[in-house]
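Below, each chain spelled out in residue letters.
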Amino acid sequence: MLPLMQKIFNKAHPILWLTGLLLAGSCKKQNEYRNAKPVTQVSVNTYDFLKAQPGLYDTLLYLVDKAGLTDTLKQGRITFFAPQDYSIRTALYNLNFSRGRYAFPGNWTLDSVPVAVWDTLLRRYMLPGRILSDSLEYADGVNLTTLSYGYRMNGKSASTNASGISGGGPLVLQYSDMNNSRFIRDWSTSTTQSIDLQTTNGWLHVLESKHVFGFVSFVPLAFPYSLNPVQSPYLGLPSPIPGTIEAEDFDDGGEGLAYHDGDVNNNGNQYRTEGVDIENCSEGGFNIGWTNGSEWMEYTVEVLATGDYNVGFRVAADGGGGSFRLEFDGVPVTGTVNCRGTGGWQNWITVDTKVSLTAGKHVMRFYEESGGYNISKFVFTKL
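The text that follows walks through the structure, step by step, so that each part is easy to find. In this text, all values refer to a predicted model and were calculated from it rather than measured experimentally.

**Quick notes on unusual backbone geometry**
Right, so step 1: The omega angle of the peptide bond from I241 to P242 is 10°, so this bond is cis rather than trans.
Right, so step 2: Phi at N179 is positive, roughly 50°, even though this residue is not glycine.
Right, so step 3: Following the sequence through the fold, N179 ends up in the loop between β7 (172-177) and β8 (188-198).
Right, so step 4: Its relative accessible area of 26% is what places N179 among the partly exposed residues.
Right, so step 5: Located in the positive-phi region is D196, a residue other than glycine, with phi close to 60°.
Right, so step 6: Checked against the element boundaries, D196 lands in strand β8.
Right, so step 7: According to the relative accessible area criterion, D196 is buried, its value standing at 7%.

As structure tokens, this is what we get:
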């Protein structure tokens, strides 16, 4: 198992535990710590202590060296909240997953990420001076300032439960990236696995393995393009044609990318939270209502075979109705399609037209040339 430092309370006196310490050097030195009583202090610097535990901090120290922070961990009087290698691997996986969503190659390695990103984020785990658990015992924790860049973090001591006893478990620290917000709901928090070890030059806390390196900042810093909204199929996969496409299942991506609506509210207050107006449909499911000219929704589709198709638009209109058209990849595939009045907003009819489509993946846009009708679904049938 990995080394574990825990602070356990007996009635009056806290006892700091450090189990399984394995220090680099001679076998004598290793055996000295392996078989010794629990300790809270070691006779090596922070860097060498981490290096002495193969497989746990190898990647972390590689990045520390790469960012020019080796001497900081060897000589600096700092407190280090150390992330484990698994945290870094998880962050790199998330980065490549995000790149793939934007159609970039998902093959980045540690060396693909700019050194400045590693430097910026590594310093969020480094605090000047002594920051131990006994200084963080406040209800809202303590606001902390990171090394060099003055970034704001928060540290807080928290007891855990054990064997059915509230507060009877080991003490942990909650280390939070405040995300430049004073509201806790905006923070990204990680919990320690081990705490309060003193090295020859500083102090060390080890974060739990499930912590993702960089909190929530790694991907946007390493791949700023990921901050842009991305259009993607609402149900995860393109809608197949031939088949039925529900009008309310327009793509994810937001206003101006996956749809355009004249106001920011969902006037029907059903199904989704975006600004498109969705209400319950008398035929089951939902429909789009409150239509207006120049509004539109887009759908990622997969045409299975090139050819001619009938499109059945399921529509309803209380008054005189209105008009619309269908576009594929920005090119109209229908002319103006008219919807007449049907005698009620939930009195449904099907309006048919024919289109010629090419096999493959496309973005279909339903464009409202005018308003005055509801739209429930599009039914594509191969001719």
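**Looking at the pairing of strand β15 (residues 296-303)**
Right, so step 1: Where burial is concerned, most of β15 is hidden: seven out of the eight residues are buried.
Right, so step 2: Of the strand pairs in this sheet, strand β10 (residues 239-241) and β15 are connected by three bridges, and their pairing is parallel. Bridge pairing in β15 links I241 to V303.
Right, so step 3: One ladder, built from two bridges, connects strand β12 (residues 259-260) with β15; its direction is antiparallel. Bridging from a neighbouring strand, H260 pairs with W296 of β15.
Right, so step 4: With eight bridges connecting them, β15 and strand β21 (residues 360-368) associate as antiparallel partners. Bridge pairing links T300 to V363 in β21.

**Thoughts on the nonpolar core**
Right, so step 1: Counting 52 residues, the largest nonpolar core has L50 and F218 as its most contacted members.
Right, so step 2: Ignoring sequence-local partners within four residues, the contact set of L50 consists of Y57, L60, L61, L73, F80, A82 and L204.

**Description of the packing of helix α3 (residues 58-66) against helix α6 (residues 115-122)**
Right, so step 1: Across the interface, α3 lies against α6 with an axial gap of 9 Å and an inter-helix angle of 110°. Comparing the axis directions of α3 and α6 gives the class roughly perpendicular. Of the two possible hands of crossing, α3 and α6 adopt the one that is left-handed. Where α3 abuts α6, its residues L60, L63, V64 and K66 lie against V115, W118 and L122.

**So, the pattern of salt bridges**
Right, so step 1: By the definition in use, this model includes eleven salt bridges.
Right, so step 2: In this structure, E283 engages R314 in a salt bridge whose closest nitrogen and oxygen atoms are separated by 2.6 Å. Linking E283 in the loop between β13 (278-280) and β14 (286-288) with R314 in strand β16 (residues 307-317), this pair joins segments that are 31 residues apart in sequence.
Right, so step 3: Exposure remark for E283: the relative accessible area of 40% places this residue in the partly exposed category.
Right, so step 4: Through salt bridges with shared partners, a single ionic network connects D252, R272 and E274.

**Some words on the environment of W345**
Right, so step 1: Tracing the backbone through its elements, the reader meets W345 in strand β20 (residues 344-357).
Right, so step 2: Counting along the chain gives 29 residues from W345 to N374, while the straight-line C-alpha distance between them is 6.6 Å.
Right, so step 3: Leaving out residues up to four positions away in the same chain, W345 has contacts with A316, A317, D318, G372, Y373 and N374.

**Overview of the sheet that holds strand β9 (residues 203-207)**
Right, so step 1: Spatially, the seven strands line up as an open sheet ordered β4-β3-β9-β8-β7-β6-β5, and their pairing is mixed. At either end of the open sheet lies a strand with only one pairing partner, and these are β4 (126-128) and β5 (142-145). Here the strands of the sheet are splayed against their neighbours by 30° on average, with no regard to which way each runs.
Right, so step 2: Pairing of strand β3 (residues 78-82) with β4, which is carried by three bridges, proceeds in the antiparallel orientation. Paired with T79 across the bridge in β4 is L127.

**Comments concerning the environment of Y259**
Right, so step 1: The topology assignment puts Y259 in strand β12.
Right, so step 2: Given a relative accessible area of 6%, Y259 falls into the buried group.
Right, so step 3: Along the sequence, Y259 and Y299 sit 40 residues apart, while their C-alpha atoms lie 9.2 Å from each other.
Right, so step 4: Excluding its chain neighbours within four sequence positions, the residues that come into contact with Y259 are F250, G254, E274, G275, V276, W296 and M297.

**Topic: the pairing of β5**
The side chains of a regular strand alternate between both faces of the sheet.
Right, so step 1: Taken together, the four bridges between β5 and strand β6 (residues 152-158) define a ladder with antiparallel strand orientation. Paired with N143 across the bridge in β6 is N154.
Right, so step 2: In sequence, β5 turns back onto β6 through a hairpin of six residues, with S148 there showing a positive phi of about 70°.

What counts as what
- Residues numbered from 1 in each chain as written.
- Predicted model: local features only at pLDDT ≥ 70, side-chain atom pairs only at ≥ 80, totals over all residues.
- Heavy atoms only, no water.
- Helix = DSSP H or I, 4+ residues; strand = E, 2+ residues; numbered from the N terminus.
- Buried < 20%, exposed > 50% of the residue type's maximum accessible area, 1.4 Å probe, protein only.
- Pairing = 2+ DSSP bridges.
- Core = buried A, V, L, I, M, F, W, Y, C linked by side-chain atoms within 4.5 Å.
- Contact = heavy atoms within 4.5 Å.
- Axes fitted to C-alpha atoms, helices over the stretch in contact; angles between N-to-C directions.
- Parallel < 35°, antiparallel > 145°, perpendicular 65-115°, else oblique.
- Left-handed = near helix turned anticlockwise from the far one by under 90°.
- Salt bridge = Lys/Arg side-chain N within 4 Å of Asp/Glu carboxyl O.

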